[in-house]
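What follows is each chain in one-letter form.
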Amino acid sequence: MNTIPSEFAVGGVYLPPLLVAGCLGVLLAYWTAALLNRYRLSRYFFYPPLVFLALSLIYSVLIGTYVVRI
Amino acid sequence: MSKSTQLKEAFKTALAFAAVFGIALQAGWMNPYWAGWAVAVIALPSAGASIQKGMLRIVGTIPGCIAALAIHAVAAQDRWTFMLLTCGWMFFTTYMMVRKEKDSYFWVMSGYVCLMILLSDLDSSANMFESAVFRNVETIMGVVVYTLISVFLWPQTNLGAIKKYSAELTEGLGNIYRFGRDTLLGIKEQEASFQQMQEKVVGQLAQFREILQSEGSESYEVKEVRHLWERFYGLSQELLESMGRWQSGFAELSRIDLQLVLPELQSCFAELDSRFAALPDVFTGKAATHLAQPIRLDVDSATAQGLASFDRAALEVLRKEMVQLESLTAALLECAGKLQGNTTTSRNAKPKAIPSLWTRVMWFPVPDWDHLRSAAFVAVTTGVGFLIWILFDPPGHSGWFQLTGTLALMVAAVPSLRASRLIVPVAVTSAVCLAIYVFIMPQLSSFRGLGSLLFIVMFLNCFLLSGMARFFCSMAILNMLQISNQQVYSFYAMANVYVFLVMGFTFLFVMSYLLGSPRPDKMVLHLLERFFSSAEFLMSRKAPESGPLSFLGRWRIAFHLRQLHSLPAKLGAWSKAIDQKRFPDNSPEQIQALVMSTQTLVYRLEQFLDTSVVYRTEPVSLELRENVKSWHVSIENTFGSWSRTPEAEPVDALKQRLETGLVRLERHIASVVNRSGGEMNRQEGESFFQLIGGYRGVSEAALAYAGAAQVINWGRWREERFS
């Protein structure tokens, strides 16, 4: 498997992989938060904004490690 | 606004927008978009409002430029002093912006322009003065061009609107009065509630304020007597509050035959009726004026003797409020007469109520906690933006310092505006403008093409969008199109600007947590805690045992009085932002009832705080001191527990306690009065009954709050969730 980071080319515009991983991480965290809100599971967290930040980081690192290679 | 007017207004704004770019580019001025900003921001539906905003923009630009030059002169080589001074200036301007609603735009400009000028040329400070001058010149040019176009092309004037709004305002006040009169006399059931009418008048007062600002800018006649219009506004506000206090005590009068105990009540109402009927007529020109006749409202002492103590107390409270009502309506009528050029003076020029110590301390200069917090938010956001720029230098570079500070000012001005909701509109409008920049602008080779493009985008913006959406679209047009005389195109630079704008708003959302949770339900909880803390403090300062007040003590009273006075309006604003879908257990009406109960509590507390404590010397009240003291402690403790948990005291237990206490005190008063031979010094009697009337009023209002709080699902409000 290729482990060398490479840019994403969109119509000749090169996007850094960290930006792509970060955006996807935030989107996934947003979706997870919406689900947790819907099923009232977010009440078990002490401070949800920090949980959101942590989720964004975790997703970004996971995507960066296994999907887009940062 | 009709479609045709909307079309004309959009045309005027677009024309002015294209024209100012043409002038600035032709003259070779620095940053032509400064003039474009002036047009985009001052384009308002009426010429008067635009002139007013334009004047504030010009005048506010000057202190902003001076502050920037001074900061640069002092701290050009020291980044930390530079940051502290800039944050200090932003703190000051934001505080003034939220404190003085009338001049808020002046202070917005003073803060925003300072940030713009400070970093207008990063490579050298040599051009800074030039930047400041061009900023002023282009702002003035933008304002002048838009004003000329709005005055000569399909002018939309406000002339005469102030009289129309005044007539409507007095009509609204009259409706509240008539509602109160009919309720008091038990005439009929009303269709609209007092709250609905009060809300309507509050809206009319806000409209009147806006009209006064805008018409004052375009009419010399209005400007000349502006002090009288200001007085009219102040008296209307006082009258609204006075009527609120008056009506809050009606429930306690149900057992009294008022017409028997107040023989002059009918004639008093007749005079007030004619005053309220005359007020709108004075403004519409149907009547020249109405000379206010003096009103007497004495209690028939023989009938009053037969009343129970608490009924006498309620009667005293009512009489006091009606005297105040009479005084205010006379002053309002006279003011209206003067505004119509009628110099006839009635016997009573000003409200004659002598302010008590508690009213006088309201004039102490005290900060508002929310204003301080807003100012701190803007200062800290500017500071953190500066640190992000100098330590990480992400895309956007100095914009992190400049733009985030400016946007923070906007969030501070409207705290209930959720920063998270701004991210998507900014991303979409900026993406559209980026596409224009990439695909259309490089095809243009003359100003004819550029001018047409600017005209079309601004026209579509003004015609299709309104409010915040229009503002963001204007921001995207001005930031993404980057028009200059030496036009170069760089996709890289603009893509970075795009990324920065989206990141900037996300950063703002994160920073908005400094203002507390952005959740409206949490804010309501927090405001209620503050409300009852202040109420508890004020009750403790009015306790029978309290000694003389120091200067600091008076200042603290003034601080808490201001809190108490301002919090119901803030509660109202935040409660409307609560998302019903998330809280299906509570209807908007239930939440509204909770807010109204806090307003009633304020009215009753004001009445109570205005009474004087008499039982230090007088024999009858001295004997009842212990009863009053325990009542006082009980109220204070209730407020204390509500300041920690808003639903702490269940309504049934409170009601039981109040009823038992009232019966016991009633018996005790009767026995004490009997022992003193049924006689009570008149002055002592009035003061004492006003005092216990005040206690009862506060207790009844507290009971109403407990009832409204009982139906709220507080557990759900306290639950954590992602916002």
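Examining the overall build of chain A
Okay, so step 1: Across its full length, chain A holds two helices and two strands.
Okay, so step 2: Computed over its C-alpha atoms, the radius of gyration of chain A comes to 15 Å, more than 25% above the 11 Å expected for a compact globule of 70 residues.
Okay, so step 3: Taken along its principal axes, the extent of the C-alpha atoms in chain A is 45 × 25 × 15 Å.
Okay, so step 4: The burial tally for chain A puts 19% of its 70 residues in the buried class.
Okay, so step 5: Pairs at least 24 apart in sequence give 63% of the contacts found in chain A among residues at least 6 apart.

Some points on the overall build of chain B
Okay, so step 1: Counting its regular elements, chain B contains 29 helices and zero strands.
Okay, so step 2: Over its C-alpha atoms chain B spans a radius of gyration of 30 Å, differing by no more than 12% from the 27 Å that the globule rule assigns to 723 residues.
Okay, so step 3: The C-alpha extent of chain B, read off along each of the three principal axes, is 100 × 60 × 50 Å.
Okay, so step 4: Classification of the 723 residues of chain B by burial places 42% in the buried group.
Okay, so step 5: Of all intrachain contacts in chain B linking residues separated by at least 6 positions in sequence, the fraction that spans at least 24 positions is 81%.

Focus: unusual backbone geometry
Okay, so step 1: One non-glycine residue, Asp 393 of chain B, lies in positive phi territory at about 45°.
Okay, so step 2: Along the polypeptide, Asp 393 of chain B turns up in the loop between α16 (369-391) and α17 (399-413).

Re the domain arrangement of chain B
Residue and element names in this part refer to chain B.
Okay, so step 1: In terms of domains, chain B is made up of domain 1 (3-157 + 368-515), domain 2 (161-353) and domain 3 (520-718).
Okay, so step 2: The centre of domain 1, based on its C-alpha atoms, is set 45 Å off from the matching centre of domain 2.
Okay, so step 3: At the junction of the two partners, domain 1 supplies eight residues and domain 2 supplies five residues.

Topic: the confidence of the model for chain B
Okay, so step 1: Residue-level pLDDT values for chain B average 84, and 91% of them are 70 or greater.
Okay, so step 2: Predicted complex metrics record ipTM = 0.83 and pTM = 0.81.

Notes on the nonpolar core
Residues and elements named next belong to chain B.
Okay, so step 1: Leu 332, Leu 538 and Leu 605 are the most contacted members of the largest nonpolar core, which totals 89 residues.
Okay, so step 2: Per element, the largest residue contribution to this core is 15 residues, and it comes from helix α14 (residues 309-339).
Okay, so step 3: A domain split of this core shows at least three residues from each of domain 2 (161-353) and domain 3 (520-718).
Okay, so step 4: If sequence neighbours within four positions are ignored, Leu 332 has contacts with Leu 235, Ser 236, Leu 239 and Leu 279.
Okay, so step 5: Counting residues in hydrophobic clusters, the runner-up holds 88 residues, among them Tyr 105, Tyr 146, Val 426 and Leu 481.

A closer look at helix α7 (residues 161-185) of chain B
Because each turn of an α-helix spans 3.6 residues, side chains separated by three or four positions end up pointing in the same direction.
Residues and elements named next belong to chain B.
Okay, so step 1: With 25 residues, α7 extends 36 Å between its outermost C-alpha atoms, agreeing within 8% with the 36 Å of an ideal straight helix rising 1.5 Å per residue.
Okay, so step 2: Considering only its buried residues, α7 is in contact with α8 (194-218), α9 (220-224), α10 (226-248) and α12 (265-284).
Okay, so step 3: Positive phi shows up at Gly 186, right after α7, with a value of about 65°.

Some remarks on the confidence of the model for chain A
Okay, so step 1: For chain A, per-residue confidence averages 88 on the pLDDT scale, and residues scoring 70 or more make up 97% of the total.
Okay, so step 2: Highest mean pLDDT in chain A belongs to helix α2 (residues 48-66) of chain A (93); lowest belongs to strand β2 (residues 13-15) of chain A (81).

A short note on the packing of helix α18 (residues 420-440) of chain B against helix α21 (residues 491-511) of chain B
Residues and elements named next belong to chain B.
Okay, so step 1: Between α18 and α21, the least distance of the axes is 9 Å, while the angle of their chain directions is 170°. On the basis of the axis angle, α18 is roughly antiparallel to α21. Side by side, α18 and α21 meet where Ser 420, Leu 422, Ile 423, Val 426, Ala 427, Ser 430, Leu 434, Tyr 437 and Val 438 of the first sit next to Phe 491, Met 494, Tyr 498, Leu 501, Val 502, Phe 505, Thr 506 and Phe 509 of the second.
Okay, so step 2: Classifying every residue of the contact of α18 with α21 by side-chain character gives 14 nonpolar, three polar and no charged.

A few points about the environment of Lys 3 of chain B
Residues and elements named next belong to chain B.
Okay, so step 1: Following the sequence through the fold, Lys 3 ends up in helix α1 (residues 3-27).
Okay, so step 2: Take Lys 3: there are 8 C-beta atoms within 10 Å of it, and that puts it in the exposed class.
Okay, so step 3: Sequence separation between Lys 3 and Phe 463 is 460 residues; the distance between their C-alpha atoms is 8.9 Å.

Things to note about the environment of Thr 139 of chain B
All names here are of chain B.
Okay, so step 1: Here Thr 139 lies in helix α6 (residues 128-152).
Okay, so step 2: The class for Thr 139 is buried, based on 24 C-beta atoms found within 10 Å.
Okay, so step 3: As for Thr 139 and Leu 528, which are separated by 389 residues in sequence, their C-alpha atoms are 43 Å apart.
Okay, so step 4: In contact with Thr 139, other than residues within four places in its own chain, are Trp 34, Ala 38, Arg 57, Ile 58 and Thr 61.

What to know about α18 of chain B
All names here are of chain B.
Okay, so step 1: Compared with the 30 Å implied by 1.5 Å per residue over 21 residues, the 31 Å span of α18 between its first and last C-alpha is a close match.
Okay, so step 2: Among all positions of α18, only Leu 422, Val 426, Thr 429, Ser 430, Cys 433 and Tyr 437 are buried. Down the axis of α18, the sector holding all buried residues measures 105°, keeping them to one side. Opposite the packed face of α18, turned more than 90 degrees from it, sit the exposed residues Val 424, Ala 435 and Phe 439.
Okay, so step 3: Each element contacted by the buried residues of α18 is listed here: α20 (467-481) and α21.

Observations concerning the packing of helix α3 (residues 47-75) of chain B against α8 of chain B
For any two helices packed against each other, the geometry is given by the interaxial angle and the distance between the axes.
Residues and elements named next belong to chain B.
Okay, so step 1: Where α3 contacts α8, the axes come no closer than 7 Å and their chain directions differ by 85°. Viewed along their axes, α3 and α8 adopt a mutual orientation that is roughly perpendicular. Between α3, through Ala 47, Gly 48, Ala 49, Ile 51, Gln 52 and Met 55, and α8, the contact on the second element is made entirely by Gln 213, Ser 214, Glu 215, Ser 217 and Glu 218.
Okay, so step 2: Class assignment of the residues belonging to the contact of α3 with α8 gives a composition of four nonpolar, five polar and two charged.

As for the environment of Ser 446 of chain B
All names here are of chain B.
Okay, so step 1: Topologically, Ser 446 is positioned in the loop between α18 and α19 (447-464).
Okay, so step 2: Judged by the 8 C-beta atoms lying within 10 Å of it, Ser 446 is exposed.
Okay, so step 3: Spatially, the C-alpha atoms of Ser 446 and Arg 99 are 47 Å apart, while their sequence positions differ by 347 residues.

Thresholds, definitions, all that
Residues numbered from 1 in each chain as written. Chains lettered and ligands numbered in written order. Predicted model: local features only at pLDDT ≥ 70, side-chain atom pairs only at ≥ 80, totals over all residues. Helix = DSSP H or I, 4+ residues; strand = E, 2+ residues; numbered from the N terminus. Rg over C-alpha atoms; globule rule 2.2 N^0.38 Å. Buried ≥ 20, exposed ≤ 12 C-beta atoms within 10 Å, placed from the backbone. Contact = placed C-beta atoms within 7 Å. Domains from an automatic or database assignment. pLDDT = per-residue confidence, 0-100. Core = buried A, V, L, I, M, F, W, Y, C linked by C-beta atoms within 7 Å. Expected span 1.5 Å × (residues − 1). Axes fitted to C-alpha atoms, helices over the stretch in contact; angles between N-to-C directions. Parallel < 35°, antiparallel > 145°, perpendicular 65-115°, else oblique. Nonpolar A, V, L, I, M, F, W, Y, C, P; charged D, E, K, R; others polar. Arc of directions from axis to C-beta.

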